[in-house]
Amino acid sequence: MVGRSIGYALAALFLAVAALAAAAYWWSPHATIRITVGQVGGPVERFVAALVAVSKIQHPRVRFEPVTVNTLKESSAQIEARRADLAIVRADVSPPANGQTIAILRRDAVGFLLLPAAKVDSIAGLGGRTVLLIAGRTEDDNAALLDTVLGYYNVVPASVHRRVVTMADLSKAVRDHHVAAVLAIGPIGPGELTDAVATITKAVGAPSLLAFDDVDAFADRNPGFESVDVPKGGLRGRPEIPDDTVTTLAVTYRLVAPFSMPNLEAGAILRSLLAAKSKLAEVSPLAAYIEAPDPDQKTTILPVHPGVADYLSSGEESFLSELQSYGYGLAVLFSVLASAWAMLTGYFSRQRAKRDLDHVSRFVGIAEEARRAAADDLPRLETELHDAVAYLVAHGIADQGPTVALAASHARAALVARRAELQAMGVAVAAVRQPEPAPT
């Protein structure tokens, strides 16, 4: 019965150790991270493929599982539904309510490129005119952006005619003098915006970039937008476009995670992204624009993840400190389990020692009873002596010291002497009863 209790205790302890190991495995860098990707061949898909390839080298125990989406809205929806751990979203396109920013992947300027002959110098002047949009995977999102801008400046969106053209057809389309502007959205560098500027300049002359003097007020009303300064000549060197620094709207592509992501994991992801930026840029141009978010920027959408903020404020020290805190937590749990193990083993050792002492003490009792035992009691005492000796031998106690051997010999001698004494008195003494064989 006691042996069974020991077994139960050991089993419980092993289960606790297994649970601790499972917890350590779960919170360790060995993990599967679900990340949204775009259509095959798209820039987002290429970026994620590059990220996965670099991560396999940096973190072999971290595996990325792609979650395919067709639109930016679907990417946000995956985070809201918690079907993805990381998603690439655009801040102005249905940002997830539970999303928090890990990194800014790209900051795109919203370029309203005004054609030279259009005689337009403000958003209000676009009423009744035609605006061209560049065809692509985000053309619907860009059309919604145009509606937002027009609505802010009290221009009825339906009053602005719009056409969607490919970059290849843009040159021909801008030659139509009814076109007032081209809406192109892209980074200040290689991309859609600079390509559109080059095409328009070659076709009809240098366009002008529309400035937004009240961009901060606009961003307050529409939190998905920010401001960006396009430097002189930032879009084209000769002729210089713009011809002076222009402040315009910007949208950001962000790597976001649900707020439930642990701080340590969020900080580690940003740390890995920044460390691998140059290697990622060799495979995906999108990686060249990666930047850390500003933890001091207050926004109602896509705030900076606390783990990222901690890492940015304290750097490696914060990261390693938090990592150590996890290690300390595991160490405390292991210490508690070790203490519990010591208490259990100590308790059962004391119980066993007590049982062993009881067997040894019984030898003395058998010797005392044997001195006055009746003939009928001798077989019982001799059987009891045999069982006690068998127990001590089976448990390795008989060879632990002379006291055990002396006590057993004393009991045996007392039984032999009493048997001889009774036989000398003419009393018949029954032989020792042999134990019945165990059933097979």
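The structure contained in this document is the topic of the report that follows. (Residues numbered from 1 in each chain as written. Predicted model: local features only at pLDDT ≥ 70, side-chain atom pairs only at ≥ 80, totals over all residues. Heavy atoms only, no water.)

Some thoughts on the packing of aromatic side chains
In the structure shown here, the tally under the stated rule is five aromatic pairs. A ring pair is formed by tyrosine 153 and phenylalanine 212, whose centres lie 6.1 Å apart and whose planes are at 55°; its orientation type is tilted. Taken as a pair, tyrosine 153 in the loop between helix H4 (139–152) and strand E6 (161–165) and phenylalanine 212 in the loop between strand E8 (208–209) and helix H7 (215–221) lie far apart in primary sequence, 59 residues in all. Residue phenylalanine 212 is classed as buried on the basis of its relative accessible area of 2%. The interplanar angle of 80° and the centroid separation of 5.2 Å between the aromatic rings of phenylalanine 218 and phenylalanine 225 together place this pair among those described as edge-to-face. Taken individually, phenylalanine 218 and phenylalanine 225 each receive the classification buried, so the pair is uniform in this respect. A network of ring pairs unites the aromatic residues Phe112, Tyr152, Tyr153, Phe212, Phe218 and Phe225 as a single cluster. (Phe/Tyr/Trp six-rings, centres within 6.5 Å; stacked < 30°, edge-to-face > 60°. Helix = DSSP H or I, 4+ residues; strand = E, 2+ residues; numbered from the N terminus. Buried < 20%, exposed > 50% of the residue type's maximum accessible area, 1.4 Å probe, protein only.)

So, the pairing of strand E9 (residues 226–230)
Side-chain alternation along E9 places Glu226, Val228 and Val230 on a buried face and Ser227 and Asp229 on a face that remains uncovered. Strand direction decides the pairing type here: E9 and strand E10 (residues 246–258), joined by five bridges, are antiparallel. Across the sheet, residue valine 228 finds its bridge partner in E10, namely threonine 248. (Pairing = 2+ DSSP bridges.)

Some details on the nonpolar core
Judged by nonpolar contacts, the single largest core of 51 residues is most densely connected at Phe112, Leu113, Ile123, Leu126, Leu170, Val182 and Leu183. The element that contributes the greatest number of residues to this core is strand E7 (residues 179–186), accounting for seven residues. Sequence-distant contacts of leucine 113, that is, excluding residues within four places in its chain, are made with Ala180, Ala181, Val182, Ala184, Leu193, Ala196, Val197, Ile200, Pro207, Ser208 and Leu209. Grouped together as the second largest cluster of nonpolar side chains are 34 residues, Ile33, Ala266, Ala287 and Ala309 included. (Core = buried A, V, L, I, M, F, W, Y, C linked by side-chain atoms within 4.5 Å. Contact = heavy atoms within 4.5 Å.)

Regarding the layout of surface pockets
The calculated volume of the second largest pocket comes to roughly 760 Å³. Lining the second largest pocket are 35 residues; nearest its centre among them are Pro43, Val44, Arg106, Thr138 and Tyr253. Mapped onto the lining of the second largest pocket, the elements with two or more residues apiece are strand E1 (31–37), helix H2 (43–58), helix H3 (72–80), strand E3 (87–90) and strand E4 (99–114). The leading source of residues in the lining of the second largest pocket is H2, at four residues. When its residues are assigned to classes, the lining of the second largest pocket shows 16 nonpolar, 12 polar and seven charged. (1 Å grid on protein atoms, 1.4 Å probe; cavity = no way out; pocket = protein on both sides within 12 Å on 5 of 7 lines; lining within 4 Å. Points joined across faces, edges and corners; volume = space filled by probe spheres on them. Nonpolar A, V, L, I, M, F, W, Y, C, P; charged D, E, K, R; others polar.)

Some points on H2
With 16 residues, H2 should reach 22 Å at 1.5 Å per residue; the first-to-last C-alpha distance of 22 Å fits that figure. Buried within H2 are the following residues: Phe47, Val48, Ala50, Leu51, Val54 and Ser55. Take H2 and look down its axis: the buried residues cluster within an arc of 160°, on one side only. Turned more than 90 degrees off the buried face of H2, the exposed positions are Lys56 and Ile57. Tucked inside the fold, the buried residues of H2 contact E1, strand E2 (62–68), E3, E4, helix H8 (263–275) and helix H9 (277–283). (Expected span 1.5 Å × (residues − 1). Arc of directions from axis to C-beta.)

Considerations on the environment of arginine 418
Mapping arginine 418 onto the fold places it in helix H12 (residues 402–424). Using a relative accessible area of 14% as the deciding quantity, one classes arginine 418 as buried. Residues arginine 418 and arginine 372, 46 residues apart in the sequence, show an inter-C-alpha distance of 7.8 Å. With residues up to four places along the chain from it excluded, the contact list for arginine 418 reads Ala370, Arg371, Arg372, Ala373 and Leu378.

Details of the pattern of salt bridges
Applying the stated criterion to the full structure yields nine salt bridges. Linking arginine 107 and glutamate 226 is a salt bridge whose minimum nitrogen-to-oxygen distance equals 2.2 Å. Of the two residues, arginine 107 is situated in strand E4 and glutamate 226 in strand E9; the sequence distance between them amounts to 119 residues. Judged by relative accessible area, which is 11%, glutamate 226 ranks as buried. Arginine 162 serves as the salt-bridge partner of aspartate 147, at 2.8 Å between the closest nitrogen and oxygen. (Salt bridge = Lys/Arg side-chain N within 4 Å of Asp/Glu carboxyl O.)

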